[in-house]
Amino acid sequence: MNLYEDNWRRYRRVRALLLIIVISWIPIAMLVGTLSRWLLKTSIVGSIILPIGLLLFMIMAIRFQTFPCPLCGKWFSGTWWYNWSFLARKCVHCGLRKFSVE
Ligand SMILES: [Zn+2]
């Protein structure tokens, strides 16, 4: 297995985790908040879950946006002043195509 495949597998994992957080963060916070209000008679738990989800989202978004290119090691999808994010089809620095293995 070559080095690029490992990097792209890591890229897909980061992207999947980010997508899972985006989709599930608000519903989980609402569910936990509702259950805690119903069972524990307090909204503190829901108030804690919401910023934790935001923090997780920020961490994963930064990891995704700054994912290093397997070839040149610079940010794959952008520079300090712009970022193509998930729309990047190739490295903005060296031109390596996304998911390329050679
Ligand atoms: Zn590159």
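What comes next is a walk through the structure.

Cut-offs applied
- Residues numbered from 1 in each chain as written.
- Predicted model: local features only at pLDDT ≥ 70, side-chain atom pairs only at ≥ 80, totals over all residues.
- Heavy atoms only, no water.
- Donors = N, O, S within 2.8 Å, 3.2 Å for Na, K, Ca; no water.
- Tetrahedral: all angles 85-135°; square planar, octahedral: opposite > 155°, others 65-115°.
- Buried < 20%, exposed > 50% of the residue type's maximum accessible area, 1.4 Å probe, protein only.
- Core = buried A, V, L, I, M, F, W, Y, C linked by side-chain atoms within 4.5 Å.
- Helix = DSSP H or I, 4+ residues; strand = E, 2+ residues; numbered from the N terminus.
- Contact = heavy atoms within 4.5 Å.

**Here we look at the coordination of the zinc ion**
Around the zinc ion, the protein supplies Cys-69 (SG), Cys-72 (SG), Cys-91 (SG) and Cys-94 (SG) as donor atoms, at distances of 2.2 to 2.3 Å. Metal-centred angles of 104 to 117 degrees between the four donor atoms at the zinc ion mark the site as tetrahedral. For Cys-94, a relative accessible area of 35% puts it in the partly exposed group.

**Digging into the nonpolar core**
Among the nonpolar cores identified, the biggest contains 16 residues, and Trp-8, Phe-76 and Leu-96 are the most heavily contacted of them. Those elements that place two or more of their residues in this core are α1 (3-39) and α2 (44-65). Among the elements that line this core, the one with the most residues is α1, at seven residues. Dropping the residues within four chain positions of it, Phe-76 is found in contact with Trp-8, Phe-67, Pro-68, Cys-69, Ala-88, Arg-89, Lys-90, Cys-91, Val-92, Leu-96, Arg-97 and Lys-98.

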